[in-house]
Amino acid sequence: MTFSDADFDYVMTIVAEAASKEIMLRFRNLDAGDISEKTSAIDLVTEADLLTERHITAALKTRFPKAVIVGEEAYEADKSVVPALAHAELAFTIDPVDGTFNFAAGLPVFGTIVAVIANGETIASIIHDPVLGDTLTAIKGGGTFLRRQTGQARRLAVAAPAPLNAMTGAISWGHMDEPERSRICGNLSKTRMAFSLNCSAYEYWMVASGKWHFIGHSKLMPWDHLAGVLAHQEAGGYTAKFDGTPYKPGETTGGIISAPDEESWRMIRREIIGA
């Protein structure tokens, strides 16, 4: 099963269509009954999440009927689909509204993420901003690009390495347990400035475009990270799990750090993560 440039354009188109039809019509228009908690008050699902995932899933099934499709919301009903990413001939992951807490609160910091996986390797990624209509795209071996809604496109590159006290970035400590949570929060004071967006789409956008130096996560659900890791790598960055091994499709444990290069990665792991 192949995945062509025309296929990539098709997926970009359906992602943008879903964002326009299902997400933006509901942004700042949700009723209380349109929002539900999953595991906590900061882990939410909305009507927009469900309808966007259905829209993209249906379109992918039409064009790629034999592909494995792993959506964040569908995963709640069938958790066996994630391990299939490691060996599927062709697969897709979908995060319909990444940053649902922000979306539900009316904060325009959210995105739609789709990754394309072939034979256990991420080969393409799309991170779409529904508010601005811009899209971050990456193809294995082809670089990372910011594609503006106006049609303009420019290639992206990660930030140059810098001393720790000059670095900016984010470690998603909100999903961590103690004592790691408090230790890492304290260690972030060693950097120039640390942020918390609660949105992988924007975090990978920032680090792949060189606006931030690093990001890190302990929770490794594939729809949050496969697309972003490829975009970061194709922009020249270095990503690895906390133990130094590569992050691969199908994995959900271990934590990852993305940094400008391997030396910077080691510094972040040592000084911030404390591993």
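What counts and how
Residues numbered from 1 in each chain as written. Predicted model: local features only at pLDDT ≥ 70, side-chain atom pairs only at ≥ 80, totals over all residues. Heavy atoms only, no water. UniProt positions renumbered as here; feature names shortened; annotations may be inferred. Pairing = 2+ DSSP bridges. Helix = DSSP H or I, 4+ residues; strand = E, 2+ residues; numbered from the N terminus. Axes fitted to C-alpha atoms, helices over the stretch in contact; angles between N-to-C directions. Contact = heavy atoms within 4.5 Å. Buried < 20%, exposed > 50% of the residue type's maximum accessible area, 1.4 Å probe, protein only. Right-handed = clockwise from strand over helix to strand, strands pointing away. Phe/Tyr/Trp six-rings, centres within 6.5 Å; stacked < 30°, edge-to-face > 60°. Lys NZ or Arg CZ within 6 Å of the ring centre and 35° of its normal. Core = buried A, V, L, I, M, F, W, Y, C linked by side-chain atoms within 4.5 Å.

As named in an unreviewed UniProt entry, the protein is Myo-inositol-1(Or 4)-monophosphatase, taken from Rhizobium miluonense. Looking at the protein in UniProt, the text filed under Sequence similarities (unreviewed entry) is "Belongs to the inositol monophosphatase superfamily."

Participant: Explain the sheet that holds strand β13 (residues 238–241) residue by residue, including any values.
Facilitator: Two orientations exist for strands paired in a sheet by backbone hydrogen bonds: parallel and antiparallel. Ordered in space as β11-β10-β12-β14-β13, the five strands form an open sheet in which the pairing is mixed. The two strands at the open ends of the sheet, each matched to only one other strand, are β11 (193–194) and β13. Inspection of the sheet shows strand β12 (residues 214–217) paired to strand β14 (residues 256–259) by three bridges, in the antiparallel sense. Within β14, the position partnered with H217 by the bridge is I256.

Participant: Requested: an account of the sheet that holds strand β9 (residues 153–155), with residues and values cited.
Facilitator: One open sheet holds the seven strands; their spatial order is β3-β4-β5-β6-β7-β8-β9, and the pairing between them is mixed. The sheet is open, and its two borders are formed by β3 (68–71) and β9, each paired with just one other strand. On average, each strand axis in the sheet is inclined to that of its neighbour by 20°, with strand direction left out of account. Where strand β8 (residues 143–147) lies against β9, three bridges are found, and the strand directions are antiparallel. Across the sheet, the residue bridging to R147 is A153, located in β9. Those strands touched by helix α1 (residues 5–23) are β4 (91–98), β5 (111–118), β6 (121–128), β7 (135–139) and β8, and its axis lies near 35° from that of β6. With respect to the sheet, helix α6 (residues 200–208) is in contact with β4, β5, β6, β7 and β8, its orientation differing from that of β7 by roughly 70°.

Participant: Help me get a handle on the environment of L50, residues and values and all.
Facilitator: Along the polypeptide, L50 turns up in helix α2 (residues 47–63). The partly exposed category is assigned to L50, whose relative accessible area is 34%. Along the sequence, L50 and M176 sit 126 residues apart, while their C-alpha atoms lie 26 Å from each other. With near-sequence residues (within four places) excluded, L50 lies in contact with V45 and E73.

Participant: Talk me through the pairing of strand β10 (residues 168–171); I want residue IDs and the actual numbers.
Facilitator: On β10, burial covers both faces: T168 and A170 on one face and G169 and I171 on the other are all buried. Bridge count for β10 against β11 is two bridges, and the pairing is parallel. Counterpart to G169 in the pairing with β11 is A194. Crossover β10 to β11 through helix α5 (residues 180–187) is right-handed.

Participant: Please set out the packing of aromatic side chains residue by residue, giving values where relevant.
Facilitator: Under the defined criterion, the tally for this structure stands at 11 aromatic pairs. Here the aromatic rings of F3 and F92 are separated by 6.1 Å at their centres, their planes lie at 65°, and the arrangement is edge-to-face. With F3 in the segment before α1 and F92 in strand β4, this residue pair connects regions lying 89 residues apart in the sequence. For the pair shown, F3 and F92 are each scored as buried. Through a chain of ring-to-ring contacts, three or more aromatic side chains come together here, namely F3, Y10, F64 and F92. The ring of Y10 has R63 lying over it, and the distance from NZ or CZ to the ring centre is 4.5 Å. Over the ring of Y75 we find K79; its NZ or CZ atom is 5.1 Å from the centre of that ring.

Participant: So what's going on with the nonpolar core? Which residues, and what values?
Facilitator: With 38 residues, the main nonpolar core has I127, L136 and Y204 as its most contacted residues. Residue assignment for this core shows that the elements contributing at least two residues are β5, β7, α6 and α7 (222–234). Leave out the neighbours within four places in its chain, and L136 touches S125, I126, I127, T144, F145, L156, Y204, W205, A208 and A231. Of all hydrophobic cores here, the second largest spans 22 residues; its members include V15, I56, V116 and I126.

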